[in-house]
Amino acid sequence: MARRQARPAGGGRWLPWLGLAVLPLAVPAAAAAAACPSACPAACYCVVTPRLQQCRCERLQEPPRELPAAVHNLSIAGSNLSVLPRAAFAGSPLRDLRLLRLRHDNIRAIEDMALQGLPALRTLDLSHNPLLSVAAGAFGGAPLLRTLQLNQALLAAPLEEQLALAVRNLSLRRLELAGNALRALPAALLPPGLEELDLRNNSLQRLAAAELRSLDGPELRGLRLSLGANPLSCDCGLRPFLAWLRAAAARVLDARSLRCAAPPALRGTALLRLRPEALACAPRDGGEPGQLETASYVFFGIVLALIGIVFLMVLYLNRRGIKRWLHNLREACRDQMEGYHYRYEQDADPRCAGTPAL
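Caption draft 1: Representation of the confidence of the model for the chain within the structure. Here the chain shows a mean pLDDT of 84. Residues at 70 or above account for 82%. Every residue in residues 1–10 is under pLDDT 50, and counting partners more than four places away or in other chains gives zero contacts. With pLDDT under 50 throughout, residues 285–289 is counted as low confidence; its partners more than four residues away or in other chains account for nine contacts.

Next up, the structure:
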């Protein structure tokens, strides 16, 4: 019995050594978990993993001034930032920040160098903000910016010219413009080297021939598009785009899901299943440029010419009767004038005047 009780006592001798071996593994994780919350503002929540540190903030009135220096992803949502001033995130150095999401923050203006102090930023999300003004140097502090998301951010004001100046010195690879009610391809916003363009849920009825030529240019030859949820009008004006789509279907990521929105006879039909001869020009759309108007004017001219010819033929065939009618009319007018002349002479003769009363 004494030997059997001695084994557990000897085995317990290793427990302190096992605790010392596990302690170095537990201390870094506990220290990292405790470091982030102490560095985050009260309205932010930070999460730390061995390879990623991210923070999420809500209900702010201005960009946070104190954040963990090693943060990689920062998300601010549901706030009222209104304006992103110069060096908006320079309160604490964020040299490792790569992703910045500013969704639903009521941002209306972005000033020059608003992203100063974010040298590693690669993705900026400004979706769902009523942008009214974007300075020419708004993104100047983020030279490595590659992805710009502006979904439902261009509805408050037309900002194509301002954004074109703001992105001209960037090397963007992806641009998202979904849900902005765009009616044409924003060619001014497409910097050379752009690889992906999201134009879903806009008001595009077609891509015109000039827009297709710009997409085939050497600077945008590698661009891929997303065009889903647009009200495509499947009439004769869609023929150039349909031909381009068939030849370059790989460049439209959702080519197989594109559907006709008009006319009613083709609504819901897949574009890639259409034949060019099925795309007719509806009269309400004016047909091909000027074709219906030209045909109407030509037809009206022909009708007038026919009426003129018929009128001249009637005159020619009744020339004798018309001549006789004119002669009779002239004689009647002469007799009438002679009657008036005779009456005038009678009234002017003093012998015919009445004798005055005595």
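Caption draft 2: How the structure looks around the state of the cysteines. Throughout the structure, instances matching the rule amount to four disulfides. A sulfur-sulfur distance of 1.9 Å marks the disulfide that ties cysteine 44 to cysteine 57. Between cysteine 44 and cysteine 57 the sulfur-sulfur dihedral comes to about 105°; the bridge is accordingly right-handed. With cysteine 44 in strand β1 (residues 44–48) and cysteine 57 in strand β2 (residues 53–58), this residue pair connects regions lying 13 residues apart in the sequence.

Caption draft 3: Representation of a nonpolar patch on the surface. Residues Phe311, Leu312, Leu315, Ile322, Trp325, Leu326 and Leu329 make up a contiguous nonpolar surface patch of roughly 690 Å² in combined accessible area. Looking at the nonpolar patch, the elements with two or more residues in it are α6 (291–317) and α7 (319–348).

Caption draft 4: Examining the side chain of serine 127 more closely. As for its position among the elements, serine 127 is in the loop between β7 (123–125) and β8 (133–134). Within the structure, serine 127 has its side chain in polar contact with the side chain of aspartate 125 (distance 2.7 Å). A distance of 3.2 Å separates the side chain of serine 127 from the backbone nitrogen of asparagine 151, its partner in a polar contact. Apart from the residues lying within four places of it in its own chain, the contact partners of serine 127 are Leu102, Arg103, His104, Gln149, Leu150 and Asn151.

Conventions used here
Residues numbered from 1 in each chain as written. Predicted model: local features only at pLDDT ≥ 70, side-chain atom pairs only at ≥ 80, totals over all residues. Heavy atoms only, no water. pLDDT = per-residue confidence, 0-100. Contact = heavy atoms within 4.5 Å. Disulfide = S-S within 2.5 Å. Helix = DSSP H or I, 4+ residues; strand = E, 2+ residues; numbered from the N terminus. Patch = residues over 30% accessible without salt bridge, like charges linked within 9 Å, V, L, I, M, F, W, Y side chains within 5 Å. Areas by Shrake-Rupley, 256 points an atom, 1.4 Å probe, with all protein chains shown as cover. Salt bridge = Lys/Arg side-chain N within 4 Å of Asp/Glu carboxyl O. Polar contact = N/O pair within 3.5 Å; in protein donor to acceptor, adjacent residues only side chain to side chain.

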